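Residues per chain, in single letters:
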Amino acid sequence: MLSPLMDAAIGGLFGLLVGSFLNVVIYRLPKMLERQWAAECAELQGKEPAQEKPFNLLVPRSHCQKCGHQIRWHENIPVLGYLLLGGKCSACKTPISMRYPLVEIATGALFAFCIFRSGLSPAALAWCGFSAALLALTLIDWDTTLLPDDITLPLVWAGLIAATLRWTSVPLADAIWGAVGGYMSLWLVYQAFKLLTGKEGMGFGDFKLFAALGAWFGWQALVPIILMASVIGAVVGIIMKFSTGLREGGYVPFGPFLALGGMTAMIFGPGAILRGAGL
């Protein structure tokens with residue numbers, strides 16, 4: 001039997017590989033959705049959808065966005081490949097974003113934490129999947145203001161299934177009401193804001209993500225998570241305002257902060273958030 005540290009190290013290495021795949025998901029999934037929506041719009045207008053080359057999470061092979069150079073297998077090794085390339089495309093020397101190795105490292109660290117805490121168990125694997133989904137949602141929403149149903153809805157069901165199988169410490173009834181409360185609370189805020197201002201303050205993806213967090217942590221965790229999300233969002237928003245980093249319209253998507261609130265609850269527990277806030 002391996003030691004907990006060895007288990008965590010193996011989990012971390014596996015997380016690096018998953019992180020490499022997450023980079024593909026973060027970049028390609030929004031573009032896949034845009035293609036799907038364009039095709040649906042064309043069909044509604046009675047037009048033939050544009051004929052495009054296959055584009056999904058597996059096709060085409062990873063390549064440089066500037067020169068089209070296909071990334072070789074040894075260039076695609078998590079973190080190490082980036083270091084060996086010196087952070088540049090081997091063909092055209094275009095700089096490669098630091099985000100790629102950082103996502104891999106973050107995923108590896110989260111997987112190592114989950115497995116160190118729970119051992120090599122179904123529960124640990126469930127939390128690894130949870131953290132990978134939140135990381136992908138954080139960056140997709142930050143880039144595009146989209147929270148894809150392809151991730152949020154399975155995350156809701158996964159939380160309920162994990163509660164049913166007792167892979168989490170949340171009773172199934174609390175998980176169900178957590179999902180209901182998470183969705184309905186933000187939906188009511190959305191409706192009230194729209195009624196008062198005539199504007200939409202958030203997207204439906206935020207409701208589904210909060211429902212997923214309620215399913216994983218139970219209804220009792222909703223207040224601590226939304227509190228943490230609001231604090232992180234306010235701090236980041238203030239920093240971006242003074243650094244002129246706000247987007248056109250002066251808004252910041254809320255989904256990344258909900259996801260970070262969920263990660264905080266996973267690592268420290270929802271109760272620790274309330275104690276830290278003095279509540």
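A brief look at the structure comes next. Numbers given to residues run from 1 along each chain, matching the order in which its sequence is written. Given that this is a predicted model, residues contribute local features only at a pLDDT of at least 70 and side-chain atom pairs are listed and counted only at 80 or more, while totals for whole chains, interfaces and linings are drawn from all residues. Working from all heavy atoms in the structure, the side-chain values ignore hydrogens and water.

### Concerning the overall build of the protein chain
The secondary structure content of the protein chain amounts to ten helices and zero strands. C-alpha atoms define the radius of gyration, and 2.2 Å times the number of residues to the power 0.38 defines the globule rule. Computed over its C-alpha atoms, the radius of gyration of the protein chain comes to 20 Å, within 12% of the 19 Å expected for a compact globule of 279 residues. Seen along its three principal axes, the alpha-carbon backbone of the protein chain occupies a region of about 60 × 55 × 40 Å. In this scheme, a residue with accessible area under 20% of its type's maximum is buried, one over 50% is exposed, and one in between is partly exposed, where area comes from a 1.4 Å probe on protein chains only. Looking at the protein chain as a whole, 40% of its 279 residues are labelled buried. Residue-level accessible areas treat just the shown protein chains as cover; the underlying method is Shrake-Rupley with a 1.4 Å probe. Of the roughly 15500 Å² of accessible surface on the protein chain, a fraction of 68% belongs to carbon and sulfur atoms. Helical segments are the DSSP runs of H or I of at least four residues, strand segments are the runs of E of at least two, and each set is numbered from the N terminus.

### Structural notes on unusual backbone geometry
Generally, phi is negative for residues other than glycine and the peptide bonds are trans, each holding for most cases. Residue Val 59 is joined to Pro 60 through a cis peptide bond whose omega torsion reads -5°. Looking at the secondary structure, you find Pro 60 in the loop between helix H1 (4-44) and helix H2 (80-84). The phi angle at Arg 166 is positive, at roughly 65°, despite the residue not being glycine. Tracing the backbone through its elements, the reader meets Arg 166 in the loop between helix H5 (149-164) and helix H6 (172-197). Given the relative accessible area of 74%, Arg 166 is considered exposed.

### Looking at the packing of helix H7 (residues 204-217) against helix H9 (residues 255-268)
Contact geometry of H7 with H9 gives a least axis separation of 10 Å together with a crossing angle of 5°. Comparing their axes, H9 and H7 come out roughly parallel. The residues of H9 that touch H7, namely those facing Asp 206, Leu 209, Phe 210, Leu 213 and Phe 217, are Gly 255, Leu 258, Ala 259, Gly 262, Ala 265 and Met 266. Residues were grouped as follows: Ala, Val, Leu, Ile, Met, Phe, Trp, Tyr, Cys and Pro as nonpolar; Asp, Glu, Lys and Arg as charged; and all remaining residues, including Gly, as polar. Of the residues assigned to the contact of H7 with H9, the class counts are eight nonpolar, two polar and one charged. To get an axis, a line is fitted to the C-alpha atoms, and for a helix only the part in contact is used. The angle between two axes follows their N-to-C directions and goes from 0 to 180 degrees. Every angle not falling under 35 degrees, over 145, or within 65 to 115 is termed oblique; those three ranges are roughly parallel, roughly antiparallel and roughly perpendicular. Working rule for contacts: check all heavy atoms of both residues, and any pair within 4.5 Å makes them a contact.

### Details of the pattern of salt bridges
Any two side chains of opposite charge can pair, on the condition that their charged atoms come close. A carboxyl oxygen of Asp or Glu within 4 Å of a side-chain nitrogen of Lys or Arg is what we treat as a salt bridge. Applying the stated criterion across every chain yields a total of five salt bridges. Ionic pairing is found between Arg 35 and Glu 52, a salt bridge with its closest N-O pair at 3.8 Å. Here the residue Arg 35 occupies a position in helix H1, and Glu 52 occupies one in the loop between H1 and H2, the gap between them amounting to 17 residues. The class for Arg 35 is partly exposed, based on a relative accessible area of 30%.

### Considerations on a nonpolar patch on the surface
Patch construction takes residues with relative accessible area above 30% that form no salt bridge. Like charges are linked within 9 Å, and nonpolar side chains (Val, Leu, Ile, Met, Phe, Trp, Tyr) are linked within 5 Å. A cluster of nonpolar side chains, namely Leu 172, Ile 176, Trp 177, Val 180, Met 184, Leu 188 and Trp 219, defines an oily patch on the protein surface of about 680 Å² accessible area. Residue position: Trp 219 is located in the loop between H7 and helix H8 (222-242). The exposure class of Trp 219 is partly exposed, given its relative accessible area of 45%.

### A word on the packing of H7 against H8
Axes are the key here: two packed helices are described by the angle between their axes and the distance separating the axes. Running from N to C, H7 and H8 point in directions that differ by 135°, and their axes come no closer than 10 Å. Viewed along their axes, H7 and H8 adopt a mutual orientation that is oblique. Like other packed secondary-structure pairs, H7 and H8 cross with a definite hand, here right-handed. In contact with Phe 210, Leu 213, Gly 214 and Phe 217 of H7, H8 contributes Leu 222, Ile 225 and Ile 226. For the contact of H7 with H8, the class distribution of residues is six nonpolar, one polar and no charged. Two helices that cross are described as forming a left-handed crossing if the nearer one is turned anticlockwise from the farther one by less than a right angle, and a right-handed crossing if clockwise.

### With respect to the nonpolar core
Soluble globular proteins tend to bury their nonpolar side chains together. Throughout this description, the term nonpolar core refers to a set of buried Ala, Val, Leu, Ile, Met, Phe, Trp, Tyr and Cys residues connected via side-chain atoms within 4.5 Å. Residues Phe 130, Leu 155, Leu 209 and Phe 217 are the most contacted members of the largest nonpolar core, which totals 57 residues. Elements with a minimum of two residues in this core: H1, helix H3 (99-118), helix H4 (122-144), H5, H6, H7, H8 and H9. No other element matches H4, which puts 13 residues into this core. Beyond its immediate chain neighbours, meaning those up to four positions away, Leu 155 contacts Phe 130, Ala 133, Leu 134, Leu 137, Leu 209, Ala 212 and Trp 216.

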